[in-house]
Amino acid sequence: MADDLDHLIVSRPETLSQGIQLTWLYTLVSGAVDHGRMDIYLGDLLTRDLDNGRLTEEESLRLLQALWRMIANRDLVFSSRIMLGGRGRRNPAKADRFALLAMEATRTVLESTPQLCLRVHRGMSPGLLAKAFEVIGEGRTFPILYNDDVIIPEVARVFDVPEEDAEHYFPYGDGEYALDHRSFGSPSCRLNLLKTLEVTLHNGRDPRTGKSLGLALGEFRDFRDFEELFAAFGRQMAYFAGKLARRHVLEFEVENDSVALLYPSMLYNGCLENGHSVVDRGPVYTGGVVESHGLINAADSLTAIRHLVYENGLMTPDEMLAGLEGRTEDAAARVQLMRAAPKFGHDDEEADAMVCRVSDQAAMAVRQQAEEVDLDFFLLVHITNRGNATAGKDCEASADGRPQGAPLAAQITPAAGADHRQIVGLLNSLAAVESSVHTGYIHHLRFDRDYFQKNRPKMEALLDGYFESGGSQVMVSVVSRSELEAARAEPARHPDLIVRVGRFSARFIELPPEIQREMIDWAAD
């Protein structure tokens with residue numbers, strides 16, 4: 001180690017050990033929270049050491065295992081991403097050798113970080129995906145899979161950049177797409193889409209407090225048809241998006257006055273050339289990202305409203321609100337009708353189309369703010385962590401049948417209990433939501449461990465078909481309801497049960513009780 005450090009004072013890394021040392025030193029002094037496309041910048045060094053006999057595979061693996069443990073010890077559960085694979089690498093064969101070793105390190109180091117990600121595409125080495133399924137099948141929650149064939153064109157459109165820049169997309173921090181070394185703009189604000197709908201139905205007021213939150217556009221009963229209601233919902237989203245955009249620019253100004261961020265700025269294209277930091281318009285592209293909550297609940301609620309109120313006349317707006325608030329004797333029956341309305345996750349054309357419509361409307365409401373505040377981009381991302389539970393506490397009962405204060409559906413994953421049909425139908429619903437107007441979303445699938453391992457060829461074919469049909473991303477957890485229930489009952493016996501919670505992985509026994517309950521409700525039988 002001393003020799004490596006002496007070498008690095010005056011020279012670039014020549015060995016894998018030196019490359020890891022420099023990577024770790026830069027991480028610590030810069031405060032970096034993610035690690036970029038590691039297979040590119042360490043793949044050459046690994047290959048040289050293996051081919052020259054300097055290191056064996058086992059010795060190389062031990063070095064990576066040590067790095068993985070150091071990353072885990074930083075306890076940055078929402079970040080610590082490492083990207084493998086994908087188009088746009090200068091050294092694909094060498095990078096692939098590193099990628100295989102990195103996945104083996106994740107398989108053998110039982111930690112919730114680093115968050116390993118694998119970019120897949122047509123023409124990639126089949127060995128990479130086979131290794132990924134091996135690791136996922138053992139319950140590691142990694143690697144998260146990203147589909148280059150879909151994402152790269154979408155990133156080029158949403159950021160309005162050339163495809164050669166889009167090839168360097170990276171799921172930064174929460175999982176929103178950034179352009180590696182090129183763009184800067186992390187989520188610093190959130191938009192609760194279900195709360196936005198709730199405010200719209202109550203003439204701009206928060207029904208919980210009675211206070212004004214948004215635009216006063218009329219009471220629920222005042223909207224003559226569904227399109228009037230949806231237009232008001234869109235105006236409400238734009239109103240909140242404008243406030244968030246102005247806040248984001250103010251944060252840049254405060255950050256620029258407060259911190260220099262010299263070390264992070266060194267590796268961003270444009271900062272050294274123009275002498276500005278990452279928070280002072282230094283990178284090639286500067287913008288912002290809004291993290292959304294409640295997309296699925298808002299969309300399913302709108303589907304129920306259209307279905308029950310405007311199309312079939314099964315209840316009036318006042319009757320629906322009374323049912324949700326429990327103010328009438330037949331409230332339970334009305335809520336049951338809401339729960340029976342079409343839901344996203346069933347391969348139902350009406351419900352899937354509503355999710356797409358709400359997603360697009362919200363994304364455009366946010367995106368249009370970029371010009372208003374002079375940013376290169378201002379985009380929406382459908383990602384959530386445990387925030388879906390806290391955001392749900394702020395919401396009253398909703399027309400999708402969700403009770404007051406219950407967690408919101410995470411990401412664009414169907415609400416608990418809504419995805420009870422065939423997995424193919426669920427994947428069809430997920431693939432229906434494209435992301436060419438926003439900057440990413442998260443699909444989370446859970447499979448029973450025995451089923452996944454015994455039917456691995458079927459699982460591979462299933463996910464391959466999902467990607468071919470337009471699916472952009474998926475994170476797969478292999479864990480059963482019985483495992484989760486056993487861990488909750490006897491946590492001391494299950495210290496290494498790692499589960500995926502939105503944008504991060506964690507030891508199940510360390511999660512708050514409400515998140516544990518939600519995961520058990522959602523888990524495969």
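Residues numbered from 1 in each chain as written. Predicted model: local features only at pLDDT ≥ 70, side-chain atom pairs only at ≥ 80, totals over all residues. Heavy atoms only, no water.

Visitor: Where do I start with the overall build of the protein in this structure?
Guide: What the protein contains, in helices and strands, is 23 helices and 13 strands. Computed over the C-alpha atoms, the radius of gyration of the protein is 24 Å, within 12% of the 24 Å expected from 2.2 N^0.38 for a compact globule of 525 residues. Counting only C-alpha atoms, the protein reaches 80 × 55 × 40 Å along its principal axes. Taken across its 525 residues, the protein has 59% of its residues classed as buried. Pairs at least 24 apart in sequence give 72% of the contacts found in the protein among residues at least 6 apart. Averaging the positions of the 55 positive and the 79 negative side-chain charges in the protein gives two centres separated by 3 Å. (Helix = DSSP H or I, 4+ residues; strand = E, 2+ residues; numbered from the N terminus. Rg over C-alpha atoms; globule rule 2.2 N^0.38 Å. Buried < 20%, exposed > 50% of the residue type's maximum accessible area, 1.4 Å probe, protein only. Contact = heavy atoms within 4.5 Å. Lys, Arg positive; Asp, Glu negative; His and termini not counted. Charge placed at Lys NZ, Arg CZ, Asp CG, Glu CD.)

Visitor: Looking at this model, I keep getting lost on the pairing of strand 2 (residues 115–120). Mind explaining?
Guide: When a strand is regular, its side chains alternate between the sheet's two faces. Burial of strand 2 is extensive: six of the six residues sit out of reach of the surface. Side chains Q115, C117 and R119 of strand 2 all project onto a buried face; the interleaved residues L116, L118 and V120 project onto the opposite face, where all are buried too. As judged from the five bridges shared by strand 1 (residues 81–85) and strand 2, these two strands associate in the parallel manner. Considered in strand 2, the bridge of G85 is made with R119. After leaving strand 1, the chain enters helix 5 (residues 92–108) and then returns to the sheet as strand 2, a path that is right-handed. By the bridge criterion, four bridges tie strand 2 to strand 3 (residues 144–147) in an arrangement that is parallel. Note that in strand 3 the partner of C117 across the bridge is I144. In this fold, the crossover linking strand 2 to strand 3 by way of helix 6 (residues 126–137) has right-handed handedness. (Pairing = 2+ DSSP bridges. Right-handed = clockwise from strand over helix to strand, strands pointing away.)

Visitor: How should I be thinking about the packing of helix 4 (residues 57–73) against helix 5 in this particular structure?
Guide: In a packed pair of helices, the relevant descriptors are the angle between the two axes and the axis-to-axis distance. Contact geometry of helix 4 with helix 5 gives a least axis separation of 9 Å together with a crossing angle of 60°. Viewed along their axes, helix 4 and helix 5 adopt a mutual orientation that is oblique. The hand of the helix 4/helix 5 crossing is right-handed. Contacts between helix 4 and helix 5 involve E57, S60, L61, L64, Q65 and W68 from the former and F98, L101, A102, E104, A105, T106 and T108 from the latter. Taken together, the residues of the contact of helix 4 with helix 5 sort by class into seven nonpolar, four polar and two charged. (Axes fitted to C-alpha atoms, helices over the stretch in contact; angles between N-to-C directions. Parallel < 35°, antiparallel > 145°, perpendicular 65-115°, else oblique. Left-handed = near helix turned anticlockwise from the far one by under 90°. Nonpolar A, V, L, I, M, F, W, Y, C, P; charged D, E, K, R; others polar.)

Visitor: What should I look at first to understand the packing of aromatic side chains in this one?
Guide: Given two aromatic rings, their pairing is described by the distance between the two centres and the angle made by the two planes. Counted according to the given criterion, the structure contains twelve aromatic pairs. With a centroid separation of 6.4 Å and an interplanar angle of 70°, the aromatic rings of Y146 and Y177 are classed as edge-to-face. Here Y177 lies in strand 5 (residues 176–179) and Y146 lies in strand 3, a separation of 31 residues in the sequence. Each member of the pair Y146 and Y177 is classed as buried. Between F184 and Y268, the aromatic rings sit 6.0 Å apart at their centres with planes inclined by 80°, giving edge-to-face as the arrangement. Within this pair, whereas F184 is found in strand 6 (residues 183–184), its partner Y268 is found in the loop between helix 11 (262–266) and helix 12 (271–274), the two being separated by 84 residues in sequence. One aromatic cluster in this structure is built from F226, F230, F233 and Y310. The residue whose ring lies beneath R119 is Y169, and the NZ or CZ to ring-centre distance is 4.0 Å. (Phe/Tyr/Trp six-rings, centres within 6.5 Å; stacked < 30°, edge-to-face > 60°. Lys NZ or Arg CZ within 6 Å of the ring centre and 35° of its normal.)

Visitor: How do you make sense of the sheet that holds strand 2 when you look at a structure like this?
Guide: To summarise the sheet geometry, strands pair through backbone hydrogen bonds and adopt either a parallel or an antiparallel arrangement. Read across the open sheet, the five strands follow the order 1-2-3-11-10; overall the sheet is mixed. Single-partner strands in this sheet number two, and they are strand 1 and strand 10 (444–447). Shown here is a sheet whose adjacent strand axes are inclined to one another by a mean of 25°, direction ignored. Of the strands in this sheet, strand 2, strand 3 and strand 11 (473–478) touch helix 6, which is tilted by about 145° from strand 2. Its contacts with the sheet put helix 21 (residues 456–468) on strand 2, strand 3, strand 10 and strand 11, and the angle it makes with strand 11 is roughly 160°.

Visitor: I'm lost on helix 1 (residues 2–10) in this one. Help?
Guide: For helix 1, the set of buried residues is D4, H7 and L8. Take helix 1 and look down its axis: the buried residues cluster within an arc of 100°, on one side only. Turned more than 90 degrees away from the buried face of helix 1, the exposed residues are A2, D3, I9 and V10. Considering only its buried residues, helix 1 is in contact with helix 2 (16–30). (Arc of directions from axis to C-beta.)

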